[in-house]
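Coordinate inspection notes
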Amino acid sequence: MLEIKNLQARVEGKQILRGVDLTVNAGEVHAIMGPNGTGKSTLAQVLAGRDTYEVEGEVLYRGKDLLEMDPEDRAREGVFMAFQYPVEIPGVSSSYFLKTALNAIRKHRGEEELDAMEFLTLAKEKLRLLDMDEVFLKRSVNEGFSGGEKKRNDIFQMAVLDPKLCILDETDSGLDIDALKVVAAGVNKMRSPDRAIVVITHYQRLLEYITPDVVHVLYGGKIARTGGADLALELEAKGYAWLEQGGAKGAASYAS
Amino acid sequence: MAKKNEPEFMLNWRLRAYRHWLKMTEPHWAHLKVAPVDYQAISYYSAPKSKKDGPKSLDDIDPEIRATYDKLGIPLVEQMALAGIAVDAVFDSVSVATTFKEKLNELGIVFCSFSEAVQEHPELVEKYLGSVVPYTDNFYATLNSAVFSDGSFCYIPKGVRCPMELSTYFRINAANTGQFERTLIVADEGSYVSYLEGCTAPMRDENQLHAAVVELVALPGATIKYSTVQNWYPGDAEGRGGIYNFVTKRGKAFENAKLSWTQVETGSAITWKYPSCILFGDNSVGEFYSVALTSNHQQADTGTKMIHIGKNTKSTIVSKGISAIKGQNSYRGQVLINKGAEGARNYSQCDSMLLGSECGAHTFPYIDVHNPTAVVEHEATTSKIGEDQIFYCQQRGISAEDAVSMIVNGFCKEVFRELPMEFAVEAQKLLGISLEGSVG
């Protein structure tokens with residue numbers, strides 16, 4: 001699904017990613033953990049196609065050169081990112097926004113565009129799945145939403161757009177425990193053999209509800225350590241400082 | 001003007017205006033850069049243009065204008081009419097216009113060209129012409145008063161609710177109204193009319209200066225809703241050519257009457273206009289909803305004046321300015337509460353949106369209150385269209401261009417919902433087209 005080789009990223013001359021190697025297969029859930037400022041969000045943004053970074057290296061997505069694609073083409077090919085800070089778009093209703101997005105993706109896939117009724121049926125079904133109110137559709141995109149509502153709205157969009165690769169950038173930050181459970185349940189419902197999910201998080205907390213197949217630690221702009229679900233627990237117990245004391249040794253040799 | 005065979009009152013009025021105009025000088029207070037206009041070089045009266053001089057077929061039309069017609073989905077015959085091509089074949093909208101006129105006649109509604117009104121209804125014209133915008137008003141209005149060639153006239157009798165939107169579009173091939181257009185709308189007591197001016201399609205036009213005058217008279221209890229979509233040639237990407245649009249629009253509302261202006265201004269190299277309301281009668285209401293978009297080298301200095309004279313008069317101003325590339329956009333508005341305007345209220349909201357770093361947005365609100373019971377509120381915001389908003393849309397599969405159009409349309413929603421339905425849909429498409437190329 002996703003193969004990252006020696007990925008480097010710089011912003012305003014400052015190097016953030018220093019050679020990330022990562023392979024994610026269909027059907028897997030990967031967690032990327034790490035302390036603040038280590039490049040977790042940069043990795044997500046670079047994969048989604050944000051143009052503020054100078055990027056080097058290679059990223060193959062389903063056999064295609066991802067770095068060559070425009071952000072909208074990445075999305076149409078099935079890459080979805082849930083934002084750390086979903087933005088507000090005043091005056092644009094959620095249903096109009098999402099219908100436009102879905103039809104752009106369907107068109108790209110060579111499928112018929114959905115009309116308003118068909119879209120509404122689909123959207124309502126997904127809202128029920130996430131236990132969300134239909135009023136979301138009428139409100140302007142994220143305008144006046146609480147932090148938790150914004151995150152849930154992103155997961156709802158993900159459910160409607162039906163992507164192949166889901167990247168969740170610190171989706172758990174700013175969520176209370178109830179919202180966290182709802183979001184996690186939504187993500188778990190999205191698990192499927194032909195989809196890969198990458199969960200970026202600072203805390204182990206989210207991983208109590210979403211059990212990853214593989215856990216990576218991003219540290220100093222590189223994948224410093226890779227392990228199973230228990231690596232998250234180990235990190236929680238020992239803290240990231242443990243990596244500095246030589247814990248990172250041999251990380252790259254772990255093959256996922 | 002003898003050529004037009006006008007009654008004496010009309011000729012005298014024009015002469016007074018002309019003598020007055022000779023004593024006036026061009027105003028320069030607006031936030032605009034205007035190249036000098038040679039008033040001698042302007043052709044003040046052109047008999048309906050000889051169709052031979054115009055383009056012969058659509059192949060002679062600027063391909064960019066044609067592309068816009070196509071994007072707006074305008075039928076081919078109408079494209080030809082808009083482009084000034086001789087269309088002698090039967091034209092769909094002619095028959096539409098005829099049935100439309102019959103229906104209006106039954107209700108006693110007069111809707112005709114100005115020159116027809118001068119001949120057929122001289123008493124109404126004499127009574128109301130210049131009653132809101134006197135011939136001494138300002139440089140361009142005075143010039144218009146002296147030389148106006150034609151325009152539209154509309155009268156709604158007492159208590160009649162006009163059952164359809166009156167549109168100049170129905171007359172597109174009936175009259176070539178030219179650059180000094182005069183519009184007079186009189187809504188008698190308790191009547192209602194919604195009037196649409198202009199068309200979303202860019203009209204071919206060789207006149208550089210447009211100095212129109214629109215006068216609205218809302219008699220007691222009447223409502224006039226006046227919507228404009230202006231999309232004249234804005235000049236090319238380098239700022240060459242384009243129309244100067246210097247328009248005077250004003251309405252007078254008597255007791256319990258309501259005036260509502262809605263405008264979407266995307267065309268012209270320079271737009272200079274302030275559709276205004278004189279809230280003369282007690283409990284009269286004035287509204288102004290505006291979207292002005294300037295891209296490339298376009299400039300706009302637009303806004304409104306709300307003049308509160310009567311008691312308990314209310315006014316609302318919602319202005320949305322969008323500047324892209326090197327466009328300059330100014331909101332200039334005056335709220336004047338006269339001494340006798342007991343209990344007057346105004347609410348103004350002026351929002352500006354910037355796309356790019358070389359464009360500009362300016363706000364010049366003038367608030368003048370002479371009655372202590374008045375309540376006046378003014379809110380203003382300026383926002384830059386966010387890279388992260390565009391990226392968010394792109395990440396969901398929406399192209400950057402569609403994203404900008406969607407974000408801008410969301411920004412203008414409060415104004416668009418005041419437009420009649422079909423007009424609103426066209427206005428949205430138009431904004432999208434006008435913004436093409438503003439994101440790179």
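Residues numbered from 1 in each chain as written. Chains lettered and ligands numbered in written order. Predicted model: local features only at pLDDT ≥ 70, side-chain atom pairs only at ≥ 80, totals over all residues. Heavy atoms only, no water.

1. Observations regarding a negative patch on the surface
Residue and element names in this part refer to chain A. Taken together, the side chains of Glu112, Glu113, Asp115 and Glu118 make up a negatively charged region of the molecular surface. Relative to the elements of secondary structure, Asp115 occurs in the loop between helix H3 (94-108) and helix H4 (116-129). Classification of Asp115 as partly exposed rests on a relative accessible area of 40%. (Patch = residues over 30% accessible without salt bridge, like charges linked within 9 Å, V, L, I, M, F, W, Y side chains within 5 Å. Areas by Shrake-Rupley, 256 points an atom, 1.4 Å probe, with all protein chains shown as cover. Salt bridge = Lys/Arg side-chain N within 4 Å of Asp/Glu carboxyl O. Lys, Arg positive; Asp, Glu negative; His and termini not counted. Charge placed at Lys NZ, Arg CZ, Asp CG, Glu CD. Helix = DSSP H or I, 4+ residues; strand = E, 2+ residues; numbered from the N terminus. Buried < 20%, exposed > 50% of the residue type's maximum accessible area, 1.4 Å probe, protein only.)

2. What about the interface of chain A and chain B?
Listed per partner, the contact involves 31 residues of chain A and 18 residues of chain B. Inspection of the chain A/chain B interface yields one salt bridge. Salt-bridge contacts for A:Asp154 lead to B:Arg396; the nearest nitrogen and oxygen are separated by 3.1 Å. Our count for the contact surface shared by chain A and chain B stands at twelve residue pairs in polar contact (both at pLDDT 80 or more). Among the elements of the structure, helix H1 (40-48), helix H2 (71-76), strand S6 (79-82), strand S7 (89-93), H3 and helix H6 (147-161) of chain A are those that each provide at least two residues to the side of chain A that touches chain B. Top element by residues in the side of chain A that touches chain B is H3(A). It accounts for six residues. Among the residues forming the side of chain A that touches chain B, the class breakdown is 20 nonpolar, six polar and five charged. (Contact = heavy atoms within 4.5 Å. Polar contact = N/O pair within 3.5 Å; in protein donor to acceptor, adjacent residues only side chain to side chain. Nonpolar A, V, L, I, M, F, W, Y, C, P; charged D, E, K, R; others polar.)

3. Digging into the confidence of the model for chain B
Per-chain confidence: chain B averages 81 in pLDDT, with 79% of residues scoring 70 or above. The model gives residues 170-177 of chain B a pLDDT under 50, and that stretch makes 18 contacts with residues more than four places away or in other chains. (pLDDT = per-residue confidence, 0-100.)

4. Structural notes on the sheet that holds strand S10 (residues 196-201) of chain A
Residues and elements named next belong to chain A. The strand order across the open sheet built from six strands is S6-S9-S10-S3-S11-S12, with neighbouring strands paired in mixed fashion. Of all strands in the sheet, those with a lone pairing partner are S6 and strand S12 (222-227), marking the two edges. The mean inter-strand angle of the sheet, taken between neighbouring strand axes irrespective of direction, is 20°. One ladder, built from five bridges, connects strand S11 (residues 214-219) with S12; its direction is antiparallel. Bridge pairing in S12 places Val215 opposite Gly227. Set on the sheet, H1 makes contact with strand S3 (29-33), S6, strand S9 (165-169), S10 and S11; between it and S9 the angle comes to about 145°. (Pairing = 2+ DSSP bridges. Axes fitted to C-alpha atoms, helices over the stretch in contact; angles between N-to-C directions.)

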